[in-house]
Structure formats: structure tokens, C-alpha cells
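Listed here are the chains, written in short residue letters.
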Amino acid sequence: MKKELVIIGGGPAGLAAAVAAYDAGLRDILILERDERLGGILNQCIHNGFGLHTFREELTGPEYAGRFIKQVEERKISYKLQTMVLELSHDRIITAMNREDGVFQIEAESVVLAMGCRERSRGALNIPGYRPAGIYSAGTAQRLVNMEGLMPGKEVVILGSGDIGLIMARRMTLEGAKVKVVAELMPYSGGLKRNIVQCLQDYDIPLKLSHTVVDIQGKERVEGVTLAKVDEKGKPVPGTEEFYTCDTLLLSVGLLPENELSKKAGIKLNAVTGGPIVDQRLATSMEGVFACGNVLHVHDLVDFVSQEAMLAGKSAAMYVQMQTKDYDQPIALLAGEGVRYTVPAYLVTEEMEEPVTVRFRVTGIKKNCKIVVYQGDVQLLSKKRPVVAPGEMESVLLKKEMLHTKEAIRICVEEG
Ligand SMILES: Cc1cc2nc3c(=O)[nH]c(=O)nc-3n(C[C@H](O)[C@H](O)[C@H](O)COP(=O)(O)OP(=O)(O)OC[C@H]3O[C@@H](n4cnc5c(N)ncnc54)[C@H](O)[C@@H]3O)c2cc1C
């Protein structure tokens, strides 16, 4: 089978990429999704708060996904569900399998990677203790409660205050559980400010910053956990231990972009984000392969996923229609003082018709500061920010007319 565009993953990123590629003139598009329905992780996010930027409405996750699924259906874009992509070769041959077709291959002229991310597990944390029942990743607990109608437990401790941990603190409370505490290793929460207020403060759930789980008690089932304060290096401080009885420990300790396919295909990855290194078209290091959504870098808001994915879909369509090529000397985009990473990682100015949105995350909370962009010694722009935090993605807009040399561009956070 041959296809002009194959999209791997039918979550919000894959759906928006498909719609944009279609609207840019491509017709021969196929979405491959391993789950039994389109919509990705949004299907289990039944809380509201989605789509404020895109639709100026507060939608639930399934409602937001539904809007894009409708657009895919209206355009009659084809998709295969319960279809797992097993391999992407360096010449864009995709190997996938499902019950009807068995193992099959597709020769794709272009590919959009939209595989999302998965949760970091307990194994990655080295928490001592037995392996009792009652330890779940927050996303698994969310799926059990919201999709399978099952309650993981009654007395809960949550480790990790990223958005999933915060959302699950509220969800478990609403379902009748007692959430005793949310512990966070860092001195700040990794989640959105609005989620700290709406999910913890509104329900009087304590948040213990600079704390971690140092022991899990219980052999068959969790009976309690011990928390301790950590020092600046993240090491537990002896004598600060506190015991909490509970039957459930939820871990919300980070998301990892699902890039096994990309890695095997030889696509270059960014060591900080875990996602492919891309230019402003969201083109990866492999010709004709583009990336968007959480597989590229972990997003805070799905609206930004959709915006980014539309660009990836449009770029894939342009690649098929015009076979745009790589240019000799792209401009590097560097994470300067106070910035963890930037997406894209470089700019191909010859292809820069529209202003480029550069998204990035900061390394720590900073108040009354400014975001400054330099090319060499020249300041390209500066914007004041009352506060920046690692949990909230930042962005700047770069225009072609700002750039006069091929020197690297640096984005920094400076004192305001
Ligand atoms: C618990 C939680 C709460 C959130 N709350 C909010 C919120 O309140 N507001 C907000 O704006 N955003 C929220 N988000 C963020 C938002 O949901 C994500 O940013 C968005 O879903 C990412 O979209 P995606 O398409 O990149 O990834 P996903 O939604 O993860 O979709 C990826 C898809 O790819 C498929 N896939 C992966 N590998 C393969 C393969 N090899 N073959 C075939 N298919 C494959 C997966 O099955 C999946 O369907 C939340 C996220 C989570 C997890």
C-alpha cells in the first residue's frame, strides 16, 4: 500500500495534523491508532478546562477531541483503529499490525509522528519497600475511575504535583476517597497554577513541596507511606520522616515522549525533551518525517498541541506537493540562562514565510522578569513577565525580518 501521508497516533495531535494536511490539499491520508477509538489521552480526561484558547469554551477532554474527530469524519479522512505501528524505516516504510490485516506495510511519502507520551513508572524512582497492591500511576488510576468505573482505593497519597497528580487529587476526592497529601520533590509544583487552586486548595488537600516518599509499608496491599523532606540536592533529610496511613499511592512523576519508533528509525532526539529535534516546519532529521504534540515535547495545554499539529500537517502537505528540501545553514536556537529547551531547535530561514512560534520551558520560578532573545550580541526582542514557572509553557514569536545573520539565537530569562 502507498500513502501520501501516514499519521502515527490518533490523539489530538494526529487529528489536527490530519485536518490541516487535508485543508492544505492532501487527500491520500491515513491515521493509524492503536487504541479502539480516536482522541488519545483526552478520552480519559473527563474534567473541563480544555479548549479555552481554540474554541473560547471550557470543554471536557472527550468534547474537545470530539470536535476534531468530527472534522476528520466530515473530510472523510481514513483511519485504522486497534492498529499498532511496529516500525518506521529510514525510507518511510511503516510496518503495522491489526486483527483484520495482520502485519502489513505502507510506503509513506510523508509521515507525522503523533504518538504522545507515557507516564514514568515506580521502577524509575527507586522507592524502597515491597511491591504491594495499591500503587498506580496517576494516569492508570484516571483510566480506571473515568473509563472502567473502578475505584483504586479509599485513602490516597499522591507523589508528584504535575497536572495529572493535581487533577487526580480532585477526582479521587469527588469519588469519595480521602486524599491525605500531595508530595512534591521540587520546591515548586510542576502543574498549572489554576490546577493547584481548583484541585487542591478548593478541597483543602495539603501540598508538601520539597518532600518525597522514602518508604512504602504493606506486603499484600499498601498500608501507609513515609514522606520526608529533601534538601536542595533532592536527598531526604534524616529526622523529617512523617507516616501517613493509606491504601493507595498514586505516582505522577513525569511523562516520557513515546519515541521508540523514532529512535529505531534513526531520528535525532533532543536529550532534554526526549522528542525529535525539529526545525520551524516541525521537520525531523529524517526527510519527510514531521513531529507534533506530546511526542515532540510535553505540553501543558492541548490547545497548543492542536496549533503545533496543524503546522506539522501543513508542512507534510507542502513536502508532498513541493518536495521542500533541506538548506545548508540553518540558524540554531539555543536555550540560554534560565531556559530548559526550545522547540524548534533551529530555523531554516529560506522556508520562513510566516512568523515562527518558539515554545520553551523555564528552569525555575522567577518573578518580575523578562524573556530576552539575542542573536549574537544583538537583542531581537524582550518581553516582561510578572512570573514564569516550569509548569507553564512560554513562547516568543520570531519573524524573518528580525534575522540578519546566520548566528545562533539564544532565549534567556533575565531579571526584570
Ligand atoms: C491527566 C491529564 C490531564 C490533562 N488535563 C489537561 C487540561 O485540563 N487542559 C488541557 O488543555 N490539556 C490537558 N492535558 C494535556 C493534553 O491532554 C495533552 O497535551 C494531549 O492529549 C496530547 O496530545 P497528543 O495527541 O500529543 O497525545 P495523546 O493524546 O497521548 O495521543 C497519542 C496517541 O497515539 C497513539 N499511539 C502511540 N503509539 C502508537 C503506535 N505505535 N501505533 C499506533 N498508535 C500509537 C496512542 O494510543 C494515542 O491515542 C492533560 C493530560 C493528561 C494526561
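Note that the coordinates shown come from a computational prediction; the quantities given were computed from them, not determined experimentally.

What counts, and at which threshold
Residues numbered from 1 in each chain as written. Predicted model: local features only at pLDDT ≥ 70, side-chain atom pairs only at ≥ 80, totals over all residues. Heavy atoms only, no water. Axes fitted to C-alpha atoms, helices over the stretch in contact; angles between N-to-C directions. Helix = DSSP H or I, 4+ residues; strand = E, 2+ residues; numbered from the N terminus. Left-handed = near helix turned anticlockwise from the far one by under 90°. Contact = heavy atoms within 4.5 Å. Buried < 20%, exposed > 50% of the residue type's maximum accessible area, 1.4 Å probe, protein only. Pairing = 2+ DSSP bridges. Core = buried A, V, L, I, M, F, W, Y, C linked by side-chain atoms within 4.5 Å. Domains from an automatic or database assignment.

Novice: How should the packing of helix H3 (residues 138-146) against helix H4 (residues 163-174) be read in this particular structure?
Specialist: How two helices pack is summed up by the angle between their axes together with the distance between the axes. Orientation of H3 relative to H4, taken along the N-to-C sense of each, is 35°, at an axis distance of 10 Å. Of the two possible hands of crossing, H3 and H4 adopt the one that is left-handed. Contacts from Ala 138, Gly 139, Ala 141, Gln 142, Val 145 and Asn 146 in H3 reach Ile 164, Ile 167, Met 168, Arg 171 and Met 172 in H4.

Novice: Where do I start with the pairing of strand E17 (residues 248-251) in this structure?
Specialist: Covered by surrounding structure in E17 are Thr 248 and Leu 250 together with Leu 249 and Leu 251, the residues of both alternating faces. Of the strand pairs in this sheet, strand E10 (residues 135-137) and E17 are connected by 3 bridges, and their pairing is parallel. Bridged to Tyr 136 within E17 is Leu 250. Strand direction decides the pairing type here: strand E11 (residues 155-159) and E17, joined by 4 bridges, are parallel. Following the sheet pairing, Val 156 is matched in E17 by Thr 248.

Novice: In this structure, what is going on with the nonpolar core? I would like to understand it.
Specialist: Buried together is how nonpolar side chains tend to be arranged in soluble globular proteins. If you look at the biggest cluster of nonpolar residues, it comprises 67 residues, and the most contacted ones within it are Ile 7, Ile 29, Ile 94, Val 112, Leu 113 and Cys 292. Here the element with the most residues in this core is helix H7 (residues 302-322); it accounts for 9 residues. Counting residues domain by domain, this core receives three or more from each of domain 1 (1-119 + 254-326) and domain 3 (327-416). Val 112 has contacts with Leu 5, Val 6, Ile 7, Ile 8, Ala 17, Phe 290, Cys 292, Ala 312 and Ala 316, leaving out every residue within four places of it along the chain.

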